[in-house]
Amino acid sequence: PIFLQPSPVLIITVVVIILTAILTVLPRSFTNRRFERNTLKLLLPVFVLYLLLLSLLFPFSPFDNWHAMFGFTERITDRSSQSLYSRVEYLAAFTVLGYLIAEWRGRLELPLRQDFPRLFLIAAGFALVLEFLSGFQSERGASFVRLILAVAGALFGGTIYHMARAHIRFLLGR
């Protein structure tokens, strides 16, 4: 499907593929074989920027006085699939954020019940900040339902990480 895109997208895609191939082939010496923390240090700022842009620049609405609502929108008849896509993307992004938060603390080998409160506080704090900031958008506004779904998505992502780690430990016989 990428070949059906306009040429600038195709050029950027080919450049990224070539750079990735070059970086993969280059020899490296590793003193520490644990790479998760270093990868997350590079990934988290980019991912946080993505969440900020997803929350504040979509749908490119101007800023106004702060307002909030209980649901997703003030219009009851808003059922378009276009509005659904942004909600699903927001939920998926917070699911990935929850996974990354759990992965950050993964080497501590904490069980889910001990890691759950910290995961909840970080996800709820970040979602609250984003909802507060999106409350200044004239068309979107802050949403209580979006806040709950974002936190639930992050908790789900953290749970997925813990379940995957437990399964790998089971397979290794630990």
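Residues numbered from 1 in each chain as written. Predicted model: local features only at pLDDT ≥ 70, side-chain atom pairs only at ≥ 80, totals over all residues. Heavy atoms only, no water.

A. Fine view of the overall build of the protein. The helix and strand tally for the protein stands at five helices and two strands. Going from N to C terminus, the protein has its helices and strands arranged as α-α-β-α-α-β-α. In the protein, buried positions account for 30% of the 174 residues. Long-range pairs, those at least 24 residues apart, make up 81% of the contacts in the protein with a sequence separation of at least 6. For the protein, the accessible area works out to roughly 12,300 Å², and carbon and sulfur atoms hold 72% of it. (Helix = DSSP H or I, 4+ residues; strand = E, 2+ residues; numbered from the N terminus. Buried < 20%, exposed > 50% of the residue type's maximum accessible area, 1.4 Å probe, protein only. Contact = heavy atoms within 4.5 Å. Areas by Shrake-Rupley, 256 points an atom, 1.4 Å probe, with all protein chains shown as cover.)

B. Structural detail: helix H2 (residues 36–56). For H2, built from 21 residues, the straight-helix expectation of 30 Å at 1.5 Å per residue is met to within 8% by its first-to-last C-alpha distance of 29 Å. In the structure, H2 departs most strongly from a straight axis at Leu43, where the bend amounts to approximately 30° and where the proline Pro45 lies between one and four residues downstream. Within H2 the residues assigned to the buried category are Glu36, Leu40, Phe47, Leu51, Leu54, Ser55 and Leu56. (Expected span 1.5 Å × (residues − 1). Bend = angle between axes of the 7 residues up to and from the residue.)

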